[in-house]
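# Structure assessment
The primary structure of each chain is shown beneath.
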Amino acid sequence: MALGERDKFSGQMTTGHEWNGIKELNTPVPRAIWVFLLVATLFAVTWTVLNPSWPGINGYFRGLLGVDQRTQIAQIVQQAQMDRATWTSRIDAEDFAAIQADEPLMNIVRETGQALFGDNCAACHGTNALGNPGFPNLVHAPLMWGDDPEIVAETISVGINGSSPDTRFAQMLAFGRDQMLDTADINTVVTYVQALSQPDVAAATAPDILAAGATIFADNCAACHGETAKGMTDTGAPDLTDEFWTYGSDRAAIRQSVYAGRTGVMPSWEGRLSPTEIKLLALYVLDLRAGTP
Ligand code: HEC
Ligand code: HEC
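Residues numbered from 1 in each chain as written. Chains lettered and ligands numbered in written order. Predicted model: local features only at pLDDT ≥ 70, side-chain atom pairs only at ≥ 80, totals over all residues. Heavy atoms only, no water.

A few words now on the site of ligand 2. Not every one of the 25 residues close to ligand 2 is listed here, only the nearest: Met-172, Cys-221, Cys-224, His-225 and Gly-264. In the environment of ligand 2, a nitrogen atom lies 2.8 Å from a nitrogen or oxygen atom belonging to the side chain of His-225. Within the side chain of Tyr-247, one N or O atom sits 2.8 Å away from an oxygen atom of ligand 2. Breaking the shell around ligand 2 down by element, the ones donating at least two residues are helix H10 (222-225) and helix H11 (251-260). (Near = heavy atom within 4 Å. Polar contact = N/O pair within 3.5 Å; in protein donor to acceptor, adjacent residues only side chain to side chain. Helix = DSSP H or I, 4+ residues; strand = E, 2+ residues; numbered from the N terminus.)

In C-alpha cells form, the structure reads like this:
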C-alpha cells in the first residue's frame, strides 16, 4: 500500500498502516484540543510564576504575588484575637453586676462559658452542671461556699482541697472510722439527718430517737453544718435539710459520709485557666442558676 493513499469513504489520507485490511486514517488532532492545551499550559505557567511553587534546595520560589498562606492565617488569627480582646477586656474590667446587666455581653458569656465548661468542668459536674454522684449540682443545690459572684470565682480559682496554697478546705470527718462516735450514735444521728429531709423517715421514727439524734447532731455536727443543719459557707459544709446530696440521700450513703468522712476535691484552676476565663465561668454558672436560657 502506498503512503499518502486517500481513503475513498472519508476522503482522509491514510497513515499507511494496515491490519487485516483495515487502514488507519491520518486524522489530525482537532484544533479545539490544541487551543485547550495551549490555554491550559499558559495558565499553569502563569500560575506557578505568580504563586509560591517550585521547590529549591534552600526554600522555594515565592511567586510574584507574594501570597503566603501562613501570613494569611496569622492575619485571620490576629483579627479574631482583636475581636475577642474587645469583649475579654470588658469582662476583665467591669464588675459582675455590670456584666450581668449587659445582655449582649452575657450572650457571649453563655456561648463561651458553655464551651469552657464542657472542656474543663463537665467531666465531673455533668454537661449541664447538674452534678454526678460525688460531684455537686451547680445549678440547683445551694452553693456550699456561697453564691456571691466573687466567692464563686474564688472557689473556681483556688479549688476545694485542691493544689493551690490558698485552696479552700472542706472535710467531713470520719466519725466512725476515727472512733469519735460509736455505732449506735452513728445510726441515731444518721436517722436524724435522714428525717430532716425525708418526712416518711421522720414519721416512722420514735420521738426519743429523733431527740437523741438532735443532741448528737448539736454536739458533733452543728459546728460545721450549723444549728439548723442548713449548712455554713464558712466551713463549706452542705445544707443537710434539702433534696440535694453530693454523695446520695439513701441511708447507706449518709451512713458512709458519717462513718468514713468525705473529702471532695475540686481542682484549683488558677494557672490552668486565665483570670478572664475563671471570671467568665463564675458568670456562666451563676447565669445557669438564675435560670436564664
Ligand atoms: C475533678 C472533678 C472536678 C472538676 C473537673 C471540676 N470540679 Fe468543681 N467541684 C468538684 C467537687 C468534688 C466539688 C465539691 C467539693 C466539696 O464538696 O467539698 C466541686 C465544687 C465546685 C464548686 C463549689 C460548689 C459549692 O457548693 O460551693 C464550684 C462553683 C465548682 N465546683 C465549679 C467548677 C467549675 C467552673 C469547673 C470547671 C472549671 C469545675 N468545677 C471542675 C469537682 C470538680
Ligand atoms: C469539720 C466540719 C464538719 C463536721 C464536724 C461535720 N461535717 Fe458533715 N460535712 C462537712 C463538709 C465540709 C462536708 C462536704 C464534704 C464534701 O463534699 O467533700 C460534709 C458532708 C456531709 C454529708 C454528705 C452530704 C452530701 O451532700 O452528700 C453528710 C451526710 C454529713 N456531712 C453529715 C454530718 C454529720 C451527721 C455530722 C456529725 C456527726 C457532720 N456531718 C459533722 C463538714 C463537717
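What follows concerns the packing of aromatic side chains. Summed over the entire model, instances satisfying the criterion amount to 3 aromatic pairs. Geometrically, the ring pair formed by Phe-43 and Trp-47 is stacked, given 5.6 Å between the ring centres and 25° between the ring planes. Highlighted residues: Phe-43 and Trp-47, both in helix H1 (residues 31-50), separated by 4 residues, approximately one helical turn. Note on Phe-43: relative accessible area 52%, which makes it exposed. Look at Phe-117 and Tyr-284: their rings are 5.8 Å apart centre to centre, the planes differ by 45°, and that puts the pair in the tilted class. Of this pair, Phe-117 sits in helix H4 (residues 103-120) while Tyr-284 is found in helix H12 (residues 275-290), placing the two residues 167 residues apart along the sequence. A relative accessible area of 7% means that Tyr-284 is categorised as buried. When the ring centre of Phe-96 is taken as reference, the NZ or CZ atom of Lys-279 above it lies at 5.3 Å. (Phe/Tyr/Trp six-rings, centres within 6.5 Å; stacked < 30°, edge-to-face > 60°. Buried < 20%, exposed > 50% of the residue type's maximum accessible area, 1.4 Å probe, protein only. Lys NZ or Arg CZ within 6 Å of the ring centre and 35° of its normal.)

The contact between helix H2 (residues 69-93) and H4 brings their axes to 11 Å, and the two run at 100°. Taken together, the axes of H2 and H4 are roughly perpendicular relative to one another. In contact with Arg-84, Trp-87, Arg-90 and Ile-91 of H2, H4 contributes Leu-105, Ile-108, Val-109 and Thr-112. Taken together, the residues of the contact of H2 with H4 break down into 5 nonpolar, 1 polar and 2 charged. (Axes fitted to C-alpha atoms, helices over the stretch in contact; angles between N-to-C directions. Parallel < 35°, antiparallel > 145°, perpendicular 65-115°, else oblique. Contact = heavy atoms within 4.5 Å. Nonpolar A, V, L, I, M, F, W, Y, C, P; charged D, E, K, R; others polar.)

Considering the arrangement of structural elements, one finds Phe-169 in the loop between helix H6 (149-158) and helix H7 (183-197). When the C-alpha atoms of Phe-169 and Gly-264 are compared, they prove to be 9.6 Å apart, with 95 residues separating the residues in sequence. Residues within four places of Phe-169 in sequence aside, it is in contact with Trp-145, Asn-161 and Thr-235.

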